[in-house]
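The residues making up each chain are set out below.
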Amino acid sequence: MEKKRVLIIEDNEDIRENTADLLTLASYEVFQADNGRKGVEMAIEHMPDVILCDIIMPEMDGYGVLHLLSNREDTALIPFVFISAKTDRTEIRKGIEMGADDYLTKPFDDTELLSAIESRLKKKELQKSMYTSTLTKMTNLFLDSHGLDELKKSFDERKIKFFKKKQIIYYEGDPANTAYLVLSGSVKTTKMTEDGKELMTGTYHPDDYFGIVSLFSGKEYKETAEVLEDSTLCSVPKEVIEQLLHKYPDIAEKFITILAQNVIDHEEQLLQLAYYSVRKRMAEVLIKLHANHSPTNCFEISRENLAAMAGMASETVSRILSDFKTEKLINKNARVITILNLKGLQKLKN
């Protein structure tokens, strides 16, 4: 069996050597780099299965390493794990938003390190197996349509990308030059209010497009798009869509339908915020989430995301969920919510 390869990018010689010795004993083939620039060169040369990278290093820091490797097609999908003494939540979130797969805080023990590497390798294998089903899904999605078949041709493996949970796809104000199609997972779009509160403007699931409104309404994205759960996305450049729109009426019809539905959804959201009680709004959100995760009755979502979807404070979300649990409408265990009485929630909505 071929050994899995791990690249360690770390300027501290003791940490680097000790980590390398441990991984060698665990039957990994290990490569070492003592600065960020050399680490990038070795990643391109050896194409490791996993990269362990410090943040503060000479030549180039860990964020620079991740940025360069994430923008290369041959290295973008290599699992990337930060190893750092930094424990600040802002630093950790920055790494995750940039696309890091994991974050280990120094000092870490042997079991923690090996578990992190093994879990990343398993996920990488799962991602490889998804390519076949992804391409099949794309083919089925565009059947019976000449124009949409042309749109399908603009999708190839180079434009299929995997995004991790909490990773930012684009920020509000970034140049709007790409539309996205969700193949697996889910994505949310949000806007910030003047007082700094986050309002969720949409959630997108397999077969949904997003970024369309921004693409046709101006030069910048109107919202921030963030991954809710690990997702596979296809990207379509603006210029490709514009060319196909002029040539194929069925593509224009599809995107007009998407835009119209977007307007309807936002009107409904405004009405809910203006007239619905907080209990009714939360029931509406839970019913939508249940529908998106059918046929299962449970789903995982943070209190902050629920608050953004319902347009209410996190404290209010906690209180309402507690009430719903007492009324046996739902069960809640950490972030996992299980719908126990869907009809009861629907009565609250109506």
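Residues numbered from 1 in each chain as written. Predicted model: local features only at pLDDT ≥ 70, side-chain atom pairs only at ≥ 80, totals over all residues. Heavy atoms only, no water.

S.K.: Just checking my understanding: could you explain the packing of helix α11 (residues 303-310) against helix α12 (residues 314-326) for this structure?
M.R.: Helix-helix packing is described using two parameters, namely the angle between the two axes and the distance between the axes. Interhelical geometry of α11 versus α12 gives an angle of 100° and a closest axis separation of 9 Å. On the basis of their axis angle, the class for α11 and α12 is roughly perpendicular. Residue-level inspection shows R303, E304, L306 and A307 of α11 in contact with α12, the latter providing S314, V317, S318 and L321. Along the lines of polarity and charge, the residues of the contact of α11 with α12 split into four nonpolar, two polar and two charged. (Axes fitted to C-alpha atoms, helices over the stretch in contact; angles between N-to-C directions. Helix = DSSP H or I, 4+ residues; strand = E, 2+ residues; numbered from the N terminus. Parallel < 35°, antiparallel > 145°, perpendicular 65-115°, else oblique. Contact = heavy atoms within 4.5 Å. Nonpolar A, V, L, I, M, F, W, Y, C, P; charged D, E, K, R; others polar.)

S.K.: Help me out: how do you make sense of the sheet that holds strand β3 (residues 50-53) in this one?
M.R.: Pairing between the strands of a sheet is mediated by backbone hydrogen bonds and can be parallel or antiparallel. Pairing within the open sheet is parallel, and its five strands lie in the order β2-β1-β3-β4-β5. Single-partner strands in this sheet number two, and they are β2 (29-33) and β5 (102-105). Strand-to-strand twist in this sheet, taken as the mean axis angle between neighbours without regard to direction, amounts to 20°. When strand β4 (residues 80-84) meets β5, the two strands line up parallel, connected through four bridges. Looking at the pairing, F82 lines up with Y103 of β5. (Pairing = 2+ DSSP bridges.)

S.K.: Help me out: how do you make sense of the layout of surface pockets in this one?
M.R.: Gaps between atoms show up when a probe of the same size as a water molecule is rolled over them. For the largest pocket, the calculated volume is near 1,000 Å³. As for the largest pocket, its lining consists of 38 residues, and the residues nearest its centre are K188, E198, S302, E304 and N305. Contributions of two or more residues to the lining of the largest pocket are made by α4 (89-98), β8 (178-192), β9 (198-204), β11 (224-237), β12 (298-300), α11 and α12. (1 Å grid on protein atoms, 1.4 Å probe; cavity = no way out; pocket = protein on both sides within 12 Å on 5 of 7 lines; lining within 4 Å. Points joined across faces, edges and corners; volume = space filled by probe spheres on them.)

S.K.: Before we go on, may I ask you to explain the pattern of salt bridges in this structure?
M.R.: In a structure, side chains of opposite charge can pair up when their charged atoms sit close to one another. As enumerated under the stated definition, the model contains ten salt bridges in all. Among the ionic pairs, D74 bridges to R72, the shortest N-O distance being 2.8 Å. For E327, the salt bridge goes to R279, with nearest N and O atoms at 3.1 Å. Highlighted residues: E327 in the loop between α12 and β13 (330-333) and R279 in helix α10 (residues 278-292), separated in sequence by 48 residues. According to the relative accessible area criterion, E327 is partly exposed, its value standing at 38%. Each of E10, D54 and K106 takes part in a single network of salt bridges with overlapping partners. (Salt bridge = Lys/Arg side-chain N within 4 Å of Asp/Glu carboxyl O. Buried < 20%, exposed > 50% of the residue type's maximum accessible area, 1.4 Å probe, protein only.)

S.K.: Help me understand the environment of L7, please; the structure alone is not making it clear to me.
M.R.: Mapped onto the fold, L7 is located in strand β1 (residues 5-9). Taking C-alpha positions, L7 is 7.1 Å from A43, a pair spaced 36 residues apart along the chain. Discounting residues that sit within four places of it in the chain, L7 has contacts with F31, Q32, A33, G39, M42, A43, P48, V50, I51 and L52.

S.K.: Even after reading the chapter, I still don't get the environment of F82, so can you show me in this structure?
M.R.: With respect to the helices and strands, F82 occurs in strand β4. Sequence separation between F82 and I9 is 73 residues, and the spatial gap between their C-alpha atoms is 9.5 Å. F82 has contacts with C53, D54, I55, G62, Y63, L66, G95, A100, D102, Y103 and L104, leaving out every residue within four places of it along the chain.

S.K.: Would you mind showing me how to read α10 here?
M.R.: Structurally, the α-helix is built with 3.6 residues per turn, so residues lying three or four positions apart point the same way. Here α10 contains 15 residues, and its C-alpha end-to-end distance of 21 Å stays within 8% of the 21 Å for a straight helix at 1.5 Å per residue. Taken together, the buried positions of α10 are R281, M282, A283, E284, V285, L286, I287, L289 and H290. (Expected span 1.5 Å × (residues − 1).)

S.K.: How should the pairing of β1 be read in this particular structure?
M.R.: Across a regular strand the side chains alternate sides, sitting on one face of the sheet and then on the other. The buried fraction of β1 amounts to four of the five residues, a majority that puts the element mostly inside the structure. Of the pairings in the sheet, the one linking β1 to β2 comprises five bridges and is parallel in character. Directly across from R5, in β2, lies its bridge partner E29. Once the chain exits β1 it traverses helix α1 (residues 13-25) before rejoining the sheet at β2, and the crossover so formed is right-handed. Examined bridge by bridge, β1 and β3 share four bridges and lie parallel to one another. In the strand pairing of β3, L7 is matched with I51. (Right-handed = clockwise from strand over helix to strand, strands pointing away.)

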